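Listed below are the residues making up each chain.
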Amino acid sequence: MRAELASELERLKARGVTPGLAVVLVGDNPASQVYVRMKGRACGEAGLHHETIRLPKQATEAELLAVIDRLNGDPRIHGMLVQLPLPQHIDEHRVLLRVDPGKDVDGFHPSNVGKVSIGDPTGFRPATPYGVQQLLLRSGVDPTGQHAVIVGRSNIVGRPMAALLLQNGPGGNATVTVCHSRTRSIGAITCQADILIVAIGKPQFVTGDMVKPGAVVIDVGVNRVDDPSLKSGYRLVGDVHFEQARRVAAAITPVPGGVGPMTITMLLYNTVQAARQWGDR
Ligand code: NAP
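Since this is a predicted model, take the numbers as computed values, not measurements. (Residues numbered from 1 in each chain as written. Predicted model: local features only at pLDDT ≥ 70, side-chain atom pairs only at ≥ 80, totals over all residues. Heavy atoms only, no water.)

Within the secondary structure layout, leucine 165 lies in helix 7 (residues 158-166). For leucine 165, a relative accessible area of 0% corresponds to the buried category. With 59 residues separating them in the primary sequence, leucine 165 and aspartate 106 have C-alpha atoms 18 Å apart. Not counting the four nearest positions on each side in its chain, leucine 165 is found in contact with Leu136, Pro143, Ala148, Ile150, Gly171, Gly172, Asn173, Ala174, Val176 and Ile197. (Helix = DSSP H or I, 4+ residues; strand = E, 2+ residues; numbered from the N terminus. Buried < 20%, exposed > 50% of the residue type's maximum accessible area, 1.4 Å probe, protein only. Contact = heavy atoms within 4.5 Å.)

Printed below as a string of structure tokens:
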């Protein structure tokens with residue numbers, strides 16, 4: 001997918017457009033710092049212009065909004081995102097509303113949430129579920145007519161995942177069930193999934209007996225668990241018990257790997273989409 005992106009970038013560059021992404025990071029959350037670095041590196045490798053704006057954790061909401069206003073007006077920046085989570089004294093909703101919907105490559109502005117929900121292709125699809133959809137399609141897994149069970153209903157993953165799989169078009173047309181923390185007998189539901197997508201942030205929550213034989217399992221979760229045998233003292237595991245589930249599933253994504261690299265790739269796609277659409281405005 002990155003190679004395909006390269007040819008589109010060349011076409012844009014021939015028209016004098018270099019897509020640009022700005023990432024705003026407030027504070028020093030270690031995981032956020034890693035994600036922001038990875039996004040910057042991916043932009044560099046792909047040939048996109050990128051800027052990372054770092055604000056101290058005590059930065060005020062007004063200071064953050066001023067940075068967003070500046071980026072909204074910057075012609076070199078086609079896409080921007082504010083890395084979440086934000087420090088508690090900043091109102092996340094107000095911040096996400098301030099991002100120009102035409103530059104909102106995370107797809108968190110209500111305008112894009114609405115567009116994605118009604119299947120308007122000019123809307124920005126949140127990168128993680130967009131990546132999951134592409135992962136399915138490009139692995140030859142057509143969701144059409146399949147029962148997709150999504151565990152987790154966050155605005156970042158679960159809800160937009162459901163919207164994408166419900167759409168009447170390629171990568172959609174699934175029958176979608178969404179489970180969350182109040183769902184009863186969750187294993188009885190996950191066992192019915194032809195496609196099982198798990199995004200809850202609970203290490204190895206989905207065990208082998210919760211997976212239907214032959215299902216396709218997408219593990220979105222990224223969790224640190226203690227592992228004294230490693231120098232770092234921890235290792236990353238998903239929300240699915242990989243060793244158990246792989247014996248039952250037809251296909252399964254690993255953690256790390258799998259969904260994570262797709263998320264970054266789709267962010268690049270969204271930035272290129274933003275640059276293309278900016279030219280069309
Ligand atoms: P989140 O905002 O914390 O949402 C978690 C969701 O899981 C909520 O809807 C919650 O239900 C549900 N949930 C929690 N415990 C549950 C349980 N025991 N049974 C059923 N549902 C349960 O998390 P998120 O942002 O969606 O992220 C989920 C995971 O994906 C995390 O591990 C995160 O690190 C990972 N992630 C990975 C990527 C990537 O690129 N690889 C991107 C984003 C997120 P309620 O709504 O009822 O509380």
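On we go.
Moving on, we get to the nonpolar core. Formed by 43 residues in total, the largest nonpolar core has its most connected members in Leu21, Val132, Leu136, Leu165, Ile197, Ile218 and Val220. Split by domain, this core shows at least three residues from each of two domains, domain 1 (2-104) and domain 2 (127-260). Those residues within four positions of leucine 21 in sequence are excluded, and the remaining contacts are Cys43, His49, His50, Glu51, Ile77, Gly79, Met80, Leu81, Val105, Leu267 and Thr271. Ranked by size, the runner-up nonpolar core spans 21 residues in total, among them Ala59, Leu64, Val67 and Leu71. (Core = buried A, V, L, I, M, F, W, Y, C linked by side-chain atoms within 4.5 Å. Domains from an automatic or database assignment.)

Both faces of strand 3 (residues 79-82) are covered, namely the face carrying Gly79 and Leu81 and the face carrying Met80 and Val82. The sheet contact formed by strand 1 (residues 20-26) and strand 3 spans four bridges and is parallel. When the sheet's bridge partners are listed, valine 23 is paired in strand 3 with leucine 81. (Pairing = 2+ DSSP bridges.)

Moving on, we get to the sheet that holds strand 1. Hydrogen bonding along the main chain pairs the strands of a sheet, whether they run parallel or antiparallel. Taken in spatial order, the three strands line up as 2-1-3 in an open sheet, and their pairing is parallel. The two strands at the open ends of the sheet, each matched to only one other strand, are strand 2 (49-55) and strand 3. For this sheet the average axis-to-axis angle between neighbouring strands, irrespective of direction, equals 15°. Contacts between helix 3 (residues 61-72) and the sheet are confined to strand 1, strand 2 and strand 3, with strand 2 contributing the most and set at about 165° to the helix. (Axes fitted to C-alpha atoms, helices over the stretch in contact; angles between N-to-C directions.)

The next thing to look at is the domain arrangement of the protein. Here the protein is described as being made up of domain 1 (2-104) and domain 2 (127-260). When each unit is reduced to the centre of its C-alpha atoms, the spacing between domain 1 and domain 2 is 27 Å.

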